[in-house]
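So the chains spell out like this:
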Amino acid sequence: MLSPDPICDHEPLSRAAADYAVVRRAIAFVCERWRTQPEIDTIAAAAGVSASELHHLFRRWAAITPKAFLQALTLDHARRLLRDSASVLDAAFEVGLSGPGRLHDLFVAHEAMSPGEWKSGGAGLTVSYGFHPSPFGTALVMTTRRGLAGLAFADPGGEQAALADMKSRWPKANIVEDRARTAALARRIFDTGLWRADRPLRVVLIGTDFEVRVWETLLKIPMGRAMTYSDIATKIGATKAARAVGAAVGKNPLSFVVPCHRVLGKHGALTGYHWGLTRKRAMLGWEAGRAAS
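For the structure given in this document, a descriptive report is provided here. Small disclaimer: the values here were computed from a predicted structure and weren't measured. (Residues numbered from 1 in each chain as written. Predicted model: local features only at pLDDT ≥ 70, side-chain atom pairs only at ≥ 80, totals over all residues. Heavy atoms only, no water.)

## Re the environment of P171
Moving on, step 1. Take P171: it is sitting in the loop between α7 (159-167) and β5 (174-177).
Moving on, step 2. On the accessibility criterion, P171 (60% relative accessible area) is exposed. (Helix = DSSP H or I, 4+ residues; strand = E, 2+ residues; numbered from the N terminus. Buried < 20%, exposed > 50% of the residue type's maximum accessible area, 1.4 Å probe, protein only.)

Below is the structure:
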């Protein structure tokens, strides 16, 4: 069991983390029973709360009703995201911005480590990490002196597996726990009141040249929009490399901040997500509420 974090475990994130446990159960139930179109009362019972509690929880956590949230997880909605994104994203890439949805998006200033630094396996690099509450379960935040380098998620009991997964990406790095250092970053990432253009979140991308190009493209997808793997391949000038793009998306070390959850299959299918499809659905629904507000 993780000990309480006196710096980051403040009320908004603590409540969001508690809310996510219920949201996770609700999403899992709907995904199993979607053919029967369960009523809200039935979903609430499966999630362990009353219908009224579920309604208020979703309004608090996602800023939309349970019905609207569930609609945001449908294939029809995903297809609309892809269709409506086409012209917007073309314009965004032309001007070098991440589109008109930035009012609700996370502002990021990024840099990439050199290929030599990546090939060294992180030798000489010190990475500080800490576990913190988030709207999508426990978040593993990892940072270097140059900026945020890793963001992963864990379900209850999966914290050490998430840490081992991230450590394997930089096997020669000096990785040390420092929750006091990562707490401020956790607040900066998940508190939407701190998403400010004049104070961008600094991140460092650690990967191959091809992976970094893919991740930089992901950063240009605004909240409430989506791209396909083939869209990304086209944008980086590798039209026949959709499969390689998929592999690079799967290796994204900065979940949520570098929004790989906004990448969908060709016809809007929610394909695999390294941190679980339930969490991907939760992120898309949570963002749908903020993009609409």
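The structure having been displayed, the exposition proceeds.
## Details of α7
Each α-helix turn comprises 3.6 residues. Residues three or four places apart therefore point the same way.
Moving on, step 1. Along α7, the residues classified as buried are E159, A162, L163 and M166. Down the axis of α7, the buried side of the element spans an arc of 100 degrees, and every buried residue falls inside it. Exposed residues pointing more than 90 degrees away from the buried face of α7 are listed as Q160 and A161.
Moving on, step 2. Turning to α7, the residues buried within the fold contact β2 (126-132), β3 (138-144) and β4 (147-154). (Arc of directions from axis to C-beta. Contact = heavy atoms within 4.5 Å.)

## Here we look at the packing of aromatic side chains
Moving on, step 1. Taken as a whole and judged by the stated rule, the model has 13 aromatic pairs.
Moving on, step 2. Relative to F69, the ring of F58 lies with its centre 4.7 Å away and its plane at 50 degrees, an arrangement referred to as tilted. Of this pair, F58 sits in helix α3 (residues 51-61) while F69 sits in helix α4 (residues 66-71), and the two are 11 residues apart along the sequence.
Moving on, step 3. Using a relative accessible area of 2% as the deciding quantity, one classes F58 as buried.
Moving on, step 4. Its relative accessible area of 0% is what places F69 among the buried residues.
Moving on, step 5. Aromatic rings pair up to connect F58, W61, F69, F136, F153, F190, W195, F256 and W286 into one cluster. (Phe/Tyr/Trp six-rings, centres within 6.5 Å; stacked < 30°, edge-to-face > 60°.)

## Re the side chain of T143
Moving on, step 1. Within the secondary structure, T143 is located in strand β3.
Moving on, step 2. Here the side chain of T143 touches G147 through a polar contact of 3.2 Å, landing on its backbone oxygen.
Moving on, step 3. Look past the residues within four positions of T143 in its chain and what remains in contact with it is T126, V127, S128, L148, A149, R181, T182 and L185. (Polar contact = N/O pair within 3.5 Å; in protein donor to acceptor, adjacent residues only side chain to side chain.)

## Here's the deal with the packing of helix α9 (residues 209-218) against helix α11 (residues 242-250)
Moving on, step 1. Orientation of α9 relative to α11, taken along the N-to-C sense of each, is 75 degrees, at an axis distance of 9 Å. Considering their axes alone, α9 and α11 lie roughly perpendicular with respect to each other. Contact residues: F210, E211, V214, W215 and L218 in α9; A244, V245, A248 and V249 in α11.
Moving on, step 2. Partitioning the contact of α9 with α11 into residue classes produces eight nonpolar, no polar and one charged. (Axes fitted to C-alpha atoms, helices over the stretch in contact; angles between N-to-C directions. Parallel < 35°, antiparallel > 145°, perpendicular 65-115°, else oblique. Nonpolar A, V, L, I, M, F, W, Y, C, P; charged D, E, K, R; others polar.)

## Re the pairing of β2
Moving on, step 1. Most of β2 sits inside the fold, with six of its seven residues counted as buried.
Moving on, step 2. Pairing between β2 and β5: four bridges, direction parallel. Note on β5: the bridge partner recorded for T126 is N174.
Moving on, step 3. When β2 meets β3, the two strands line up antiparallel, connected through five bridges. Bridge pairing links F131 to L140 in β3.
Moving on, step 4. The antiparallel hairpin formed by β2 and β3 contains five residues in its connecting segment, where G137 sits at a positive phi of about 95 degrees. (Pairing = 2+ DSSP bridges.)

## A look at α11
Moving on, step 1. Where α11 is concerned, the buried positions are V245, A248 and V249. Each buried residue of α11 sits inside an arc of 100 degrees when the element is viewed along its axis, so together they form one side.
Moving on, step 2. In this structure, the buried side of α11 is in contact with α9, α10 (229-235) and β8 (263-264).

## Some details on the pattern of salt bridges
Moving on, step 1. Per the stated rule, a full pass over the model turns up eight salt bridges.
Moving on, step 2. One salt bridge connects R169 with D165, and the closest N-O pair in it is separated by 3.0 Å.
Moving on, step 3. The salt bridge involving D198 is made with R196; its shortest N-O contact spans 2.8 Å. (Salt bridge = Lys/Arg side-chain N within 4 Å of Asp/Glu carboxyl O.)

## Examining unusual backbone geometry
Moving on, step 1. Its identity is not glycine, yet A63 carries a phi of approximately 65 degrees, on the positive side.
Moving on, step 2. Within the secondary structure, A63 is located in the loop between α3 and α4.
Moving on, step 3. Residues other than glycine seldom take positive phi values, yet F256 does so here, at roughly 75 degrees.
Moving on, step 4. Relative to the elements of secondary structure, F256 occurs in the loop between α11 and β8.
Moving on, step 5. Given a relative accessible area of 4%, F256 falls into the buried group.

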